[in-house]
2 protein chains.
Amino acid sequence: MPRTSHPILGFEITLDRTSNITLDKQIAEAVRRAVQTGALMPGDLVTPIRQLAQYLNVARATVDAAYAELIAEGLLFSVRGRGTFVSSSHVCRKTSAAAPPAASAVQKPIADSTAVCVSALGYLMPQKNIPLAIVSTSADVSPRDFQAYFQRAAKKHLLDQVYDHPCGLPALREAIARIASRLRNVQCRPEQVVVTSGSQLGLMMAMMTLLNPGDRVCIENPAYPLLRAAGFLRGIDPVYAPVDAEGLDIEAAKELCPNPRAIFLTPSNQCPLGVVMSMKRRRAILDWAQVSGAWVVEDDYDSELRYEGNLPFPALYGMDHGANVIYVGTFSKMLFPGLRLGYLIVPEHLVESFAGMRLILDRQSHSIAQHAVAEYIQDGFYEAHVRKMRQIFDTRYHEIRELVERDWGDWGCFISGAQGMHVTFRFHNQAIDDKAVFEACLEQGVETRYLSSFYAPGSSQAMRGLVLGFGFFNREQMLSAVSRIGFVLRHRFAEFGPA
Amino acid sequence: MPRTSHPILGFEITLDRTSNITLDKQIAEAVRRAVQTGALMPGDLVTPIRQLAQYLNVARATVDAAYAELIAEGLLFSVRGRGTFVSSSHVCRKTSAAAPPAASAVQKPIADSTAVCVSALGYLMPQKNIPLAIVSTSADVSPRDFQAYFQRAAKKHLLDQVYDHPCGLPALREAIARIASRLRNVQCRPEQVVVTSGSQLGLMMAMMTLLNPGDRVCIENPAYPLLRAAGFLRGIDPVYAPVDAEGLDIEAAKELCPNPRAIFLTPSNQCPLGVVMSMKRRRAILDWAQVSGAWVVEDDYDSELRYEGNLPFPALYGMDHGANVIYVGTFSKMLFPGLRLGYLIVPEHLVESFAGMRLILDRQSHSIAQHAVAEYIQDGFYEAHVRKMRQIFDTRYHEIRELVERDWGDWGCFISGAQGMHVTFRFHNQAIDDKAVFEACLEQGVETRYLSSFYAPGSSQAMRGLVLGFGFFNREQMLSAVSRIGFVLRHRFAEFGPA
């Protein structure tokens, strides 16, 4: 199987010393032929001049002349201190067909699904990191004490950055099991933890591991748009069920979708409306899952943050001991979005399936980050940070509400609860174009999300409103942003304001 | 939409001072009812004793007694310094149906595809980091000077770990475009670079962005098993085409699969056979792609490493100016597998599609790592490291071949070339069970891959052999490992040895 090659040349050459063609030209021609037939390939080192001259029993100047000719025509090139090599571009120029016109590539079809992905990029792209983005970083909120853990891990575990188990670092899986228990009422064994790179991968893995293309899946409406996109990519058949003050309207869901294969929820902090799923509904969901055989996927994205002295609402997973529930958690909100770490908690008999899925999608998570987070949790800093963050966000939650109430509070009302990283404001006048408001705010240097973007396309009753972040910005920044929104509303959307 | 709640209590309560039931019991019952109806929810802070007593105009001791009873029965619990809360476990115990039997979860169906994923985990799982693993880390080979870059990035860019563009950090995209040009003859603009978390994600993204389920795709046989798994996950219709001494047998491929939507190749170092695709075949592939409209996906996984003075073989992408070729690159082999960084180079008109795909799969890559690698490349350390690694691997390539030749060289022959991170040894006696050899070697503490595992299931002519790593181990380690393999062969597989 290895290329047959002369020990010195890589190709055969016989010189005809009686010929009219000079020896240097014969040598050059032999090299050209060798390149054309593939006996010599681009990047190959050609025999050094002295060696070839010795082998062919010719003067070095003869070989030198042959090589010089080939270098001049671009077939060979010289690298000082390394040798003479067969070039690639020359081969392409002289031996291949004309370079295919770039235009032809445009006509090549790609996957159908990408058309929707591209068009949706507009409202799926990450927010700019300015007020009032929902998730960001800031010097006073973000865990700067994590830096030392990261740096220590980079030193201590540099050579531990190997191909590892797709479920993640054992120390991290243990740490996650512990905080899930302490903070979220999720009792599980470390073996049930599957490390991910965040909620999005967790949701995508749930879609791909639990569901077949064509499966009917019940999804809240409104919901996080990237969840719908994940479902679309998997090719599931989505049924969008309404949400009311108690969370998913289960009766409506059952009517629309009697036998879902899965139900995707955000029970602790409905995204984006901010309602908490009542205990009654939680029991009803679990009963429905039990009876219908549906999986429940619980996206618990920012539930450590609950204010006014209340403890975080316990996870749905904990009410069910994980029999029917897949739990999706993340460190993006509490640590850093760009850290790319999260986790799934799954029934033990499904761990292998999720492991195999992770391996095939992208193998595993980043080693150093896993070590750093595991130790950060083990040393108690994670929980201390959560407490600190909760305090700051509690203050800022009340501040943003106060600032909005004072400025344009009469334009609508807040419908979300005292928790999480966003507040949701519903406009009284539902004829307003909240997307236009969002765009006008962006022009004024204020980042928001518009509520109707969270509804599935074609929804008949998409609520109009704004979803605002607050936690990563101080009062002054929030005041400025809220003022600019007020300015936009009064100057561009006056007809939708209070009479 | 917010829960209707009494400003102090969260629920309604009317005391009947004429009743036989004592006031403390009435209070306790009211709290129980509030929990059952959901007016009070798990985690909620209940009104502090003093406040409730004042509100109800009762003695503090009365309220205290009510709470004590509820704490004793587990409905409430107290956290020193924080207050009294509604517990979750009690609610579950008393109000929900009996916990669903864990067994029922076992019967719930999951995606069909996972069955294959799980069964394949055996030969897809990462190797142990012992000789002769193909990709690993070691103090003398791995870039320990990268540590400083990582630590610096962790400090300088801690707060830059935000949600960012799915295509990756601009500085990294530029750095990649530069080294791709210098090292791989891949000319592209930074805008064509899509940062990934490694080859696997790159291949998966190619599958999902270029192809629809059911599309016919031509894949080399043998090939990297995780590539087949990615195709399976996407639901493509694979056609496995044979590989010979010049690479993919294009004539055979055309017969098996006249109009593929895509062709997946490893032209610079066929995985696992180690042959280099000849120039003739390269032109033929590009012509075929041009005529059939097929995409060519080039997995260029370890091509910086070519020995015996030869320069790395230029990429197929470069011959075509990217009109028909998607280039898949990775830093896993040259830096660290656990770093999780790689890249795709795609035609400009497809960047948005790949960006949208990345966003939906898992959003983006790890920020700190991107900063670190960008600077490492910019400062010239990456190329210096590649040169150093090439030198070490060159030496060890010759060592492993020499050691094997001396010990059990007469059992077969090497079919791979002087490049890359693995050598491929084909047994003369093709009746040998190479999987059994692999397992016996593992028992002896030696990691290998068995060649037949690289063939698609059901292949009629799967070659038997061993695929061995060498670069991360010194001569002593390799000698020990090679000896143990020899021991295994002679003692357990003697009948398959040389006569």
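Note that the structure is predicted; figures quoted are calculated from it, not measured.

Calculation criteria
Residues numbered from 1 in each chain as written. Chains lettered and ligands numbered in written order. Predicted model: local features only at pLDDT ≥ 70, side-chain atom pairs only at ≥ 80, totals over all residues. Heavy atoms only, no water. Helix = DSSP H or I, 4+ residues; strand = E, 2+ residues; numbered from the N terminus. Rg over C-alpha atoms; globule rule 2.2 N^0.38 Å. Buried < 20%, exposed > 50% of the residue type's maximum accessible area, 1.4 Å probe, protein only. Contact = heavy atoms within 4.5 Å. Areas by Shrake-Rupley, 256 points an atom, 1.4 Å probe, with all protein chains shown as cover. Lys, Arg positive; Asp, Glu negative; His and termini not counted. Charge placed at Lys NZ, Arg CZ, Asp CG, Glu CD. Least-squares fit on C-alpha atoms with pLDDT ≥ 70 in both. Buried area = accessible area lost by both parts, 1.4 Å probe. Salt bridge = Lys/Arg side-chain N within 4 Å of Asp/Glu carboxyl O. Polar contact = N/O pair within 3.5 Å; in protein donor to acceptor, adjacent residues only side chain to side chain. Phe/Tyr/Trp six-rings, centres within 6.5 Å; stacked < 30°, edge-to-face > 60°. Pairing = 2+ DSSP bridges. Axes fitted to C-alpha atoms, helices over the stretch in contact; angles between N-to-C directions. Parallel < 35°, antiparallel > 145°, perpendicular 65-115°, else oblique. Left-handed = near helix turned anticlockwise from the far one by under 90°. Nonpolar A, V, L, I, M, F, W, Y, C, P; charged D, E, K, R; others polar. pLDDT = per-residue confidence, 0-100. Expected span 1.5 Å × (residues − 1). Domains from an automatic or database assignment.

Some words on the overall build of chain A
Logical step 1: A tally of helices and strands in chain A yields 18 helices and 14 strands.
Logical step 2: Taken over the C-alpha trace, chain A has a radius of gyration of 32 Å; the compact-globule value for 499 residues is 23 Å, which it surpasses by more than 25%.
Logical step 3: The buried share of chain A, reckoned over its 499 residues, is 64%.
Logical step 4: Counted over contacts in chain A with a minimum sequence separation of 6, partners at least 24 positions apart contribute 73%.
Logical step 5: Put simply, chain A shows about 18200 Å² of open surface, and 51% of that area lies on carbon and sulfur atoms.
Logical step 6: Between the centroid of the 50 positive side chains of chain A and the centroid of its 50 negative side chains there is a distance of 5 Å.

Description of the relation of the copies chain B and chain A
Logical step 1: After a rotation of 180° and a shift along the axis of 0.0 Å, chain B superposes on chain A with an RMSD of 0.2 Å. Taken together, the rotation and translation relating the two chain copies correspond to the operation of a two-fold axis. When each C-alpha of chain B is compared by its distance to the rotation axis, Gln 151 of chain B comes out closest, at 2.5 Å.
Logical step 2: In this assembly the copies share their binding face: 99% of the residues contributing to the interface of chain B also contribute to that of chain A.

A word on the interface of chain B and chain A
Logical step 1: The partner chain A presents 129 residues to the 129 residues of chain B that form the contact.
Logical step 2: Between chain B and chain A, the buried area comes to about 10900 Å², and carbon and sulfur atoms account for 64% of it.
Logical step 3: Taking the shortest distance from any N to any O, the salt bridge between Arg 306 of chain A and Asp 44 of chain B comes out at 2.5 Å.
Logical step 4: Where chain B meets chain A, there are 30 residue pairs in polar contact (both at pLDDT 80 or more).
Logical step 5: Ranked by residues supplied to the side of chain B that touches chain A, first place goes to helix H14 (residues 351-361) of chain B with 7 residues.

A closer look at the packing of aromatic side chains
Each pair of aromatic rings is reported with the distance of its centres and the angle of its planes.
Residue and element names in this part refer to chain B.
Logical step 1: Summed over the entire model, instances satisfying the criterion amount to 39 aromatic pairs over all chains.
Logical step 2: The interplanar angle of 20° and the centroid separation of 5.9 Å between the aromatic rings of Tyr 376 and Phe 381 together place this pair among those described as stacked.
Logical step 3: A relative accessible area of 33% means that Phe 381 is categorised as partly exposed.
Logical step 4: Where Trp 408 meets Phe 425, the ring centres are 5.0 Å apart and the plane angle is 85°; that geometry is what we call edge-to-face.

What to know about the pattern of salt bridges
Two side chains carrying opposite charge are able to pair once their charged atoms lie near each other.
Residue and element names in this part refer to chain B.
Logical step 1: For the structure on display, the rule yields 40 salt bridges over all chains.
Logical step 2: Of the charged contacts in the structure, one is a salt bridge between Asp 300 and Arg 184, with a shortest N-O distance of 2.6 Å. Highlighted residues: Asp 300 in the loop between strand S8 (295-299) and helix H13 (316-320) and Arg 184 in helix H8 (residues 170-184), separated in sequence by 116 residues.
Logical step 3: When its relative accessible area of 4% is taken as the criterion, Asp 300 is described as buried.
Logical step 4: With its nearest N and O atoms 3.0 Å apart, the salt bridge here joins Asp 237 to Arg 216. Note that Asp 237 is positioned in strand S5 (residues 237-244) and Arg 216 in strand S4 (residues 216-221), a separation of 21 residues in sequence.

Digging into the sheet that holds strand S8 (residues 295-299) of chain A
Residues and elements named next belong to chain A.
Logical step 1: Spatially, 8 strands are ordered S3-S10-S9-S8-S7-S4-S5-S6 in an open sheet, and the strand pairing comes out mixed. Taken across any chain shown, the strands that pair with only one partner, and hence form the sheet edges, are strand S3 (193-196) and strand S6 (247-248).
Logical step 2: As paired elements, strand S4 (residues 216-221) and strand S5 (residues 237-244) share 6 bridges and run parallel to each other. Along S5, the bridge assignment pairs Val 217 with Pro 238.

Some points on the sheet that holds strand S12 (residues 422-427) of chain B
All names here are of chain B.
Logical step 1: With antiparallel pairing, 4 strands are arranged side by side in an open sheet as S11-S12-S14-S13. At either margin of the open sheet sits one strand with a lone partner, and together these are strand S11 (412-414) and strand S13 (449-450).
Logical step 2: Pairing between S13 and strand S14 (residues 465-469): 2 bridges, direction antiparallel. Of the residues in S14, the one forming a bridge with Arg 449 is Val 467.

Some points on the pairing of strand S9 (residues 325-330) of chain B
Residue and element names in this part refer to chain B.
Logical step 1: With 6 of its 6 residues buried, S9 lies for the most part within the structure.
Logical step 2: Taking every second residue as pointing to the same face, both faces of S9 are buried, with Val 325, Tyr 327 and Gly 329 on one and Ile 326, Val 328 and Thr 330 on the other.
Logical step 3: As defined by bridge partners, S8 adjoins S9 across 4 bridges and the pair is classed as parallel. Bridge pairing in S9 places Asp 299 opposite Val 328.
Logical step 4: With 4 bridges connecting them, S9 and strand S10 (residues 342-345) associate as antiparallel partners. In the strand pairing of S10, Thr 330 is matched with Gly 342.

A few points about the packing of helix H7 (residues 146-156) of chain A against helix H15 (residues 367-378) of chain A
Residues and elements named next belong to chain A.
Logical step 1: Contact geometry for H7 and H15: axes closest at 8 Å, N-to-C directions at 130°. Here H7 is positioned oblique relative to H15, judged by the angle of their axes. Crossing of H7 against H15: the hand is right-handed. Here H7 contributes Phe 146, Tyr 149, Phe 150, Ala 153, Ala 154 and Lys 156 to the contact with H15, which in turn contributes Ile 368, Ala 369, His 371, Ala 372, Val 373, Glu 375 and Tyr 376.
Logical step 2: Of the residues that constitute the contact of H7 with H15, the class distribution is 10 nonpolar, 1 polar and 2 charged.

Focus on the confidence of the model for chain A
Residues and elements named next belong to chain A.
Logical step 1: Across chain A, the average pLDDT comes to 90, with 93% of residues at 70 or higher.
Logical step 2: Note that pLDDT drops below 50 for residues 1-6; the model gives that stretch 16 contacts with residues more than four away or on any other chain.
Logical step 3: Here the prediction assigns the complex a pTM of 0.87, and the interface score ipTM is 0.87.

Some words on helix H9 (residues 199-210) of chain A
All names here are of chain A.
Logical step 1: Helix length check: H9, at 12 residues, gives a terminal C-alpha distance of 16 Å against a target of 16 Å (1.5 Å per residue), a fit within 8%.
Logical step 2: Burial runs high along H9: 12 of the 12 residues are buried.
Logical step 3: Here H9 has its buried residues at Ser 199, Gln 200, Leu 201, Gly 202, Leu 203, Met 204, Met 205, Ala 206, Met 207, Met 208, Thr 209 and Leu 210.

Points about the domain arrangement of chain A
Logical step 1: Looking at the assigned domains, one finds that chain A contains domain 1 (23-97), domain 2 (145-379) and domain 3 (384-496).
Logical step 2: Between the C-alpha centres of domain 1 of chain A and domain 3 of chain A there is a distance of 69 Å.

Describing helix H14 (residues 351-361) of chain A
Residue and element names in this part refer to chain A.
Logical step 1: The buried fraction of H14 is high, at 10 of 11 residues.
Logical step 2: Turning to H14, its buried residues number three or more, namely Val 351, Ser 353, Phe 354, Ala 355, Gly 356, Met 357, Arg 358, Leu 359, Ile 360 and Leu 361.
Logical step 3: Looking one or two residues beyond H14, the residue adopting positive phi is Arg 363, at roughly 75°.

Some points on the packing of helix H1 (residues 23-37) of chain B against helix H3 (residues 60-72) of chain B
Residues and elements named next belong to chain B.
Logical step 1: Their axes nearest at 8 Å, the elements H1 and H3 cross at an angle of 50°. Taken as axis vectors, H1 and H3 run oblique relative to one another. Between H1 and H3 lies a crossing of right-handed hand. For the pair H1 and H3, contact is made by Leu 23, Asp 24, Lys 25, Ile 27, Ala 28, Val 31 and Arg 32 and by Thr 62, Val 63, Ala 65, Ala 66, Glu 69 and Leu 70, respectively.
Logical step 2: Residues belonging to the contact of H1 with H3 are distributed by class as follows: 8 nonpolar, 1 polar and 4 charged.

Some words on the side chain of Thr 266 of chain B
All names here are of chain B.
Logical step 1: Here Thr 266 lies in the loop between strand S7 (262-265) and helix H12 (279-292).
Logical step 2: A polar atom in the side chain of Thr 266 sits 3.0 Å from the backbone nitrogen of Cys 271.
Logical step 3: Setting aside anything within four residues of it in sequence, one finds Thr 266 in contact with Glu 220, Cys 271, Asp 299 and Tyr 301.

Topic: the side chain of Asp 24 of chain A
Residues and elements named next belong to chain A.
Logical step 1: You can see Asp 24 is positioned in helix H1 (residues 23-37).
Logical step 2: Summary of buried charges: Asp 24 has no salt-bridge partner, and the nearest side chain of opposite charge, Lys 25, is 4.6 Å away.
Logical step 3: A polar contact of 2.8 Å, which involves the side chain of Asp 24, links it to the side chain of Thr 22.
Logical step 4: Once residues lying within four places of it in the same chain are set aside, the contact partners of Asp 24 are Thr 62, Ala 65, Ala 66 and Glu 69.

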